[in-house]
Amino acid sequence: MNVQCDVCNTSFDATPKTDTLKVNGVKYELLFLICPECGKVYPSAVYDSDSVKLTQEIQKYQSRLKKVRTKADALSKDAKRISDAIAVKQAKLKTNLERSKHVIERGEIVYTENGLQFKACPFLK
Ligand SMILES: [Zn+2]
């Protein structure tokens with residue numbers, strides 16, 4: 001599939017690339033398209049390593065919770081403890097995802113010889 005660049009109208013292959021991007025000391029993995037003609041970066045997804053780990057941990061806890069619950073003791077201490085742990089991790093994940101969203105919405109990502117760089121939009125805080 002091809003896409004067209006908004007800036008220079010060049011048509012190019014829409015296979016996303018991945019690279020890392022550091023913003024305010026946080027390292028993100030960015031999934032993006034880049035125009036081969038003018039270098040305009042189109043971010044499609046951004047996530048940090050913490051969120052990847054949190055998502056995996058939540059899934060692990062959820063499958064543990066399922067096992068506990070099939071023992072018909074849904075209100076057991078174990079189930080409560082696991083549910084609480086999931087809630088804490090989900091809250092943290094939500095914060096992280098909001099932060100990642102900010103990276104896309106609050107600035108521009110450019111590709112330089114040093115790799116991807118984030119340029120914060122001066123009008124948004
Ligand atoms: Zn272009």
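Since we're looking at a predicted model, the values are computed, not measured.

Chemist: Give a detailed account of the overall build of the protein, specifying residues and quantitative values.
Modeler: The helix and strand tally for the protein stands at 2 helices and 7 strands. For the protein, the succession of helices and strands along the chain, N to C, is β-β-β-β-β-α-α-β-β. Expected size for 125 residues packed as a compact globule is a radius of gyration near 14 Å; at 20 Å, the protein overshoots this value by more than 25%. Here the C-alpha coordinates of the protein stretch approximately 60 × 35 × 25 Å along the principal axes. In the protein, which comprises 125 residues, the proportion classed as buried is 14%. Summarising the internal contacts of the protein: among those between residues at least 6 apart in sequence, 46% fall at separations of at least 24.

Chemist: Could you give me a rundown of the environment of Arg99, with the residues and numbers involved?
Modeler: Within the secondary structure layout, Arg99 lies in helix H2 (residues 77-105). Through-space distance from the C-alpha of Arg99 to that of Val26 is 9.7 Å; in sequence the pair is 73 residues apart.

Chemist: Let's hear about the sheet that holds strand E4 (residues 26-34): which residues, and what values?
Modeler: The strand order across the open sheet built from 3 strands is E3-E4-E5, with neighbouring strands paired in antiparallel fashion. Sheet topology places strand E3 (17-23) and strand E5 (41-48) at the edges, where each strand pairs with a single neighbour. Put simply, the sheet's adjacent strands are angled 35 degrees from each other on average, direction ignored. Relative to E4, E3 runs antiparallel, the two sharing 7 bridges. Bridge pairing in E4 places Leu21 opposite Tyr28. Lying over the sheet, H2 contacts E3, E4 and E5, oriented at roughly 160 degrees with respect to E5.

Chemist: Kindly report on the confidence of the model for the protein, identifying the contributing residues and their values.
Modeler: Residues with a pLDDT of 70 or more make up 92% of the protein, whose mean pLDDT is 88. Per-element confidence in the protein is highest for strand E2 (residues 11-13), whose mean pLDDT is 96, and lowest for strand E7 (residues 115-120), whose mean pLDDT is 86.

Calculation criteria
- Positions within a chain are numbered from 1, following the residues in the order the chain's sequence is written.
- Only residues with pLDDT of 70 or above have their local features reported here, since the model is predicted, and side-chain atom pairs are shown and tallied only from 80 upward, although totals for entire chains, interfaces and linings are computed over all residues.
- Helix and strand assignments follow DSSP, with helices taken as H or I runs no shorter than four residues and strands as E runs no shorter than two, numbered in order from the N terminus.
- Only the C-alpha atoms count toward the radius of gyration. The rule for a globule is 2.2 Å times the residue count to the power 0.38.
- Exposure classification rests on a simple neighbour count of other C-beta atoms within 10 Å of a residue's own: a residue reaching 20 or more is buried, one at 12 or fewer is exposed, and one in between is partly exposed. C-beta atoms are placed from the backbone.
- Working definition of a contact: two residues with C-beta atoms, positioned from the backbone, lying within 7 Å.
- By definition, two strands form a pair when at least two bridges between them are found by DSSP.
- Each axis is a line fitted through C-alpha atoms, taken for helices only over the stretch in contact, and angles between the N-to-C directions span 0 to 180 degrees.
- Per-residue confidence from the predictor is reported as pLDDT, which spans 0 to 100.

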